[in-house]
Amino acid sequence: MRCKTAARLISLKLDNELSASKNVALQEHLERCPSCRQVLASAQALQSELQELKTPAYPEYLHYRILSNLPRTSKPRWLHQPKLAYLAASLAIMLSLLAGTWVGIKGYEGSNAYAQNLEEDIYISFGNNSLMELFDE
Ligand SMILES: [Zn+2]
């Protein structure tokens, strides 16, 4: 095995992705090659140092800085408050119900007038001998 191949296998070994057969081949190379042993030792030392590092605490201002740099949405700001959004939805529903009631009343008034006109038309057309006369009795 060449040192270049061994370096690639050392990297896989550190990531726990080296197969057992290739690990045996790497061990054979490491027994004969002091420079690759040195590479493995320093890489393992670096890996353990990196694992000991703690995630740095975020500065408090970072949260506000991110929020203030977010792009503005097209939604009006009051829609972001849930209570106002529910109020707006309730008002829209109530307005549509009122509009429906108004349309219904207007439609009924119109149909009533139409029915009366129709009744008069029938009397005009058939006079007193119409069936309407029989039903009225
Ligand atoms: Zn080597």
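Here the structure is shown first, and the text comes after it.
Residues numbered from 1 in each chain as written. Predicted model: local features only at pLDDT ≥ 70, side-chain atom pairs only at ≥ 80, totals over all residues.

Visitor: How should the nonpolar core be read in this particular structure?
Guide: Grouped burial of nonpolar side chains is what soluble globular proteins tend to show. Counting residues in hydrophobic clusters, the biggest one holds five residues: Ala6, Leu9, Ile10, Leu26 and Cys36. The element that contributes the greatest number of residues to this core is helix α1 (residues 3-14), accounting for three residues. If near-sequence neighbours (up to four positions away) are discounted, Cys36 is found in contact with Cys3, Ala6, His29 and Leu30. (Core = buried A, V, L, I, M, F, W, Y, C linked by C-beta atoms within 7 Å. Buried ≥ 20, exposed ≤ 12 C-beta atoms within 10 Å, placed from the backbone. Helix = DSSP H or I, 4+ residues; strand = E, 2+ residues; numbered from the N terminus. Contact = placed C-beta atoms within 7 Å.)

Visitor: Please explain the environment of Val39 as it appears in this structure.
Guide: By the element assignment, Val39 lies in helix α3 (residues 34-52). By the C-beta count within 10 Å, which is 17 here, Val39 ends up partly exposed. Sequence separation between Val39 and Ser11 is 28 residues; the distance between their C-alpha atoms is 9.9 Å. Excluding residues within four positions of it along the chain, Val39 makes contact with Ala7 and Ile10.

Visitor: Looking at this structure, I do not really get helix α2 (residues 20-32). What am I missing?
Guide: With 13 residues, α2 extends 19 Å between its outermost C-alpha atoms, agreeing within 8% with the 18 Å of an ideal straight helix rising 1.5 Å per residue. Counting buried positions along α2 gives one out of 13 residues, so the element sits mostly on the surface. (Expected span 1.5 Å × (residues − 1).)

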